[in-house]
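Descriptive analysis of the structure
Here is what each chain is made of, one letter per residue.
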Amino acid sequence: MILNPEFKLQITKLLPCEESRCMLQSIENDEPAVSVRFNSRRGTVPTTPLERVPWCDMGFYLDSRPQFTFDPHFHAGNYYVQDASSMFIYHVIKSLIKRPVKYLDLCAAPGGKTTAALQALPHGSIVVANEIVHQRAQILRENVIKWGADNCMVTCDSPRSLGGLANEFDVIAADVPCSGEGMFRKDDEAVKQWSPALVEQCATRQRLIINDVWAALKPGGLLIYSTCTYNSLENEEMVDFIVNHLGATVVNVPVASEWNIHPAIGRDYPCYRFLPHLLRGEGLFLCVMRKNQVSTSTPANAKLKTKKTNHENGFEHLNNWIKGNYDIQVNNDEIIATPEHIKVLLHNRCDNLHVIKYFGIVLGTIKGRKIVPSHQLAMSQNIASGAFPEVEVDYSTAIAYLRGEAISIEAPRGYVLIKYDNSILGLVNNLGNRANNLYPKHWRIMSTHIPITPITVFDKSTKLQQS
């Protein structure tokens, strides 16, 4: 790796001589750690010890990087591949948020911090995960569905549009677009694109993003600001802007000294810097701020964007497919079950949000007189036991299914859940001589390669434990 001389100079100005030398050496020579975060709400945890990420009890380091694409557990949403530093959001939420909240993940794709929030937030919270770039928003939607939570809406909107939801959110997480210095070990393109001008450009954009969305945060609410870069312009100086121009107070997050998280540079307020020569993770900056208790007005036209409801739809019997209390509604040809507690919270939304995944579960699609159950239902953590017959398949059949191929199974005719190693992969429509594959087309494994031995994040002595 050849680092830009101006970047090297920036680091030498940022840190003392010996520390800057160690940091640059780590960026240039050290391999990044591989880590995953298990989906505890699916009851998936390793039964034998892996090295745990210190600030995330569901995060673990792997000895090497397997081909995750060929691990059915990855597609089943049993874990998320995430850099250890980014898992710090899990600790922040666990430490500071003790009651159900409305939580906005502003720049959420591809979904690592969103799924961490869904895992860490108190029961009864709701999450709006937003991504302004449509293609990335689709990836975010995929990862949220695989995670299986029904308390998350995915939107594709600008910070300004979301800012129109005045005083709506208790917490806003803004992992803002940045110059990407912290990703140099993983992204050669980030190394090539870096320049001082890019840093300035990113800082300008970050100020606009936070300024645009600020009104959506309730007075007294928390802003979790983060970047994956090192320079002070996008980090401490951005905190200065939020404190001095928008009205915020920096909040302390409890951390253990042995975690080796570096404090703010040039400031005496609490910020958290993850530097690669000090810990096993990539570059990250994070600061939590509380919005001052100043009232702002709510736009008169703010209201809930609702799904079209047909109260005489006759689909209430589909509650047998899910566990819990849901209200069943129809939006075009989709049948959507919304948790009752979420309906109570959704009182104040703008009419023009671009929603690409509603709260709740898409149970299925109406096709003529039939209802085709959805993949989102199959992935839901709240699918009812016995909703459909289940068939356990071997590794090669699981990979064939994830490629979208028709498979042969011994099962009753009709809709059947396909499972691998006791984890649901999705649905088929079993016709007897073959089973039509209902796995989403855009999610399919494209490679024709079949690994000789099954790929898994677990070694031979480590298995999944179902709680």
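Keep in mind the model is a prediction, meaning the values are calculated, not measured.

Right, let's talk about the sheet that holds strand E16 (residues 361-367) for a bit. Within the open sheet, the four strands sit side by side as E13-E14-E16-E17. Their pairing is antiparallel. Looking at the sheet topology across the chains shown, the edges are occupied by strand E13 (326-331) and strand E17 (370-373). Each strand of the sheet is rotated relative to its neighbour by a mean of 30°, with strand direction disregarded.

Attention shifts here to the environment of Thr-397. Structurally, Thr-397 is set in helix H13 (residues 395-402). Residues Thr-397 and Ser-408, eleven residues apart in the sequence, show an inter-C-alpha distance of 8.8 Å. Separated by 2.6 Å, the side chains of Thr-397 and Asp-394 make a polar contact.

On to the pairing of strand E8 (residues 169-175). For E8, the tally of buried residues reaches six of seven residues, placing the bulk of the element in the interior. Examined bridge by bridge, strand E5 (residues 102-105) and E8 share three bridges and lie parallel to one another. Across the sheet, Leu-104 pairs through a bridge with Ile-172, a residue of E8. By the bridge criterion, six bridges tie E8 to strand E9 (residues 217-227) in an arrangement that is parallel.

For Gln-329, the location among the structural elements is in strand E13. We classify Gln-329 as buried; its relative accessible area is 11%. One polar contact links Gln-329 to Asp-327, side chain to side chain, over a distance of 3.3 Å.

How each quantity is defined
Residues numbered from 1 in each chain as written. Predicted model: local features only at pLDDT ≥ 70, side-chain atom pairs only at ≥ 80, totals over all residues. Heavy atoms only, no water. Pairing = 2+ DSSP bridges. Helix = DSSP H or I, 4+ residues; strand = E, 2+ residues; numbered from the N terminus. Axes fitted to C-alpha atoms, helices over the stretch in contact; angles between N-to-C directions. Polar contact = N/O pair within 3.5 Å; in protein donor to acceptor, adjacent residues only side chain to side chain. Buried < 20%, exposed > 50% of the residue type's maximum accessible area, 1.4 Å probe, protein only.

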